[in-house]
Amino acid sequence: MKNLFPIALMLCLFLSLSSFAPVRSDAPVIKKELRTFSFPITGTTDGTPGAGQPAGTIAYSISGSGTTPYSITFSTLSGTSLGTYSYTLASTNNYLAVGMKAQTSIAGTYFHISTACSPGYCLEFIGAL
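Residues numbered from 1 in each chain as written. Predicted model: local features only at pLDDT ≥ 70, side-chain atom pairs only at ≥ 80, totals over all residues. Heavy atoms only, no water.

Visitor: Is there a simple way to explain the sheet that holds strand β5 (residues 88-91) in this structure?
Guide: Backbone-to-backbone hydrogen bonds pair the strands of a sheet. The strands run either parallel or antiparallel. If you trace the four strands from one edge of the open sheet to the other, you get β5-β6-β7-β8, paired in antiparallel fashion. Edge positions in the sheet fall to β5 and β8 (121-126), since each of these pairs with one other strand and no more. Pairs of neighbouring strands in the sheet enclose a mean axial angle of 25°, with direction left out of account. One ladder, built from five bridges, connects strand β6 (residues 94-98) with strand β7 (residues 108-113); its direction is antiparallel. Its bridge partner being in β7, V98 is matched across the sheet by G108. (Pairing = 2+ DSSP bridges. Helix = DSSP H or I, 4+ residues; strand = E, 2+ residues; numbered from the N terminus. Axes fitted to C-alpha atoms, helices over the stretch in contact; angles between N-to-C directions.)

As structure tokens, then:
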């Protein structure tokens, strides 16, 4: 009986391993792609063009270099500046700009660098209308 155990074990291993197929040389390879974006980043959002003003659409422009945002500037659609606010590093790949509530009704903006977001970053307006 002792002599049959190694033979049975080898037979089981051979049968179980024979079902594996070798890797094809043309098998697809998953490549991690770094999404890139460039500054300035521009767009529009809801807000107020100054303290006590009615709500409307305001424009923003984010300046920076590489993947680091430096500041965000808000303006009316006619071009009147509502101020420039600096980004600070909140945590790895996360930047926060605050202090624009009196001019825009937006308490802050959160800029998060992530490949999960389509352009390579997520932009969140905190306290916007």
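Following the structure, the description resumes.
Visitor: Teacher, can you tell me more about the side chain of S75 here?
Guide: Within the secondary structure, S75 is located in strand β3 (residues 68-76). Non-local contacts of S75, meaning those with residues more than four positions away in its chain, are made with I58, A59, T80, S81 and L82. (Contact = heavy atoms within 4.5 Å.)

Visitor: Just to check I follow, could you spell out the state of the cysteines for this structure?
Guide: As used here, a disulfide is simply a covalent bond connecting the sulfur atoms of two cysteines. Using the criterion set out here, one finds one disulfide in the structure. Disulfide partner of C117: C122, at an S-S distance of 1.5 Å. Residue C122 is classed as partly exposed on the basis of its relative accessible area, which comes to 28%. (Disulfide = S-S within 2.5 Å. Buried < 20%, exposed > 50% of the residue type's maximum accessible area, 1.4 Å probe, protein only.)

Visitor: Help me understand the pairing of β5, please; the structure alone is not making it clear to me.
Guide: Regular strands show a simple pattern: their side chains alternate between the two faces of the sheet. Sheet topology note: the β5/β6 ladder contains three bridges and is antiparallel. From the neighbouring strand, T88 faces β6, where its bridge partner is L96. Here β5 folds back onto β6, and the loop between the two strands holds two residues, one of which, N93, carries a positive phi near 65°.

Visitor: I'm lost on unusual backbone geometry in this one. Help?
Guide: The bulk of non-glycine residues show a negative phi, and the bulk of peptide bonds are trans. Here F39 and P40 are connected by a cis peptide whose omega angle stands at 5°. Note that P40 resides in the loop between α1 (4-17) and β1 (41-47). Phi at N93 takes a positive value of approximately 65°, unusual for a residue other than glycine. Among the secondary structure elements, N93 is positioned in the loop between β5 and β6.

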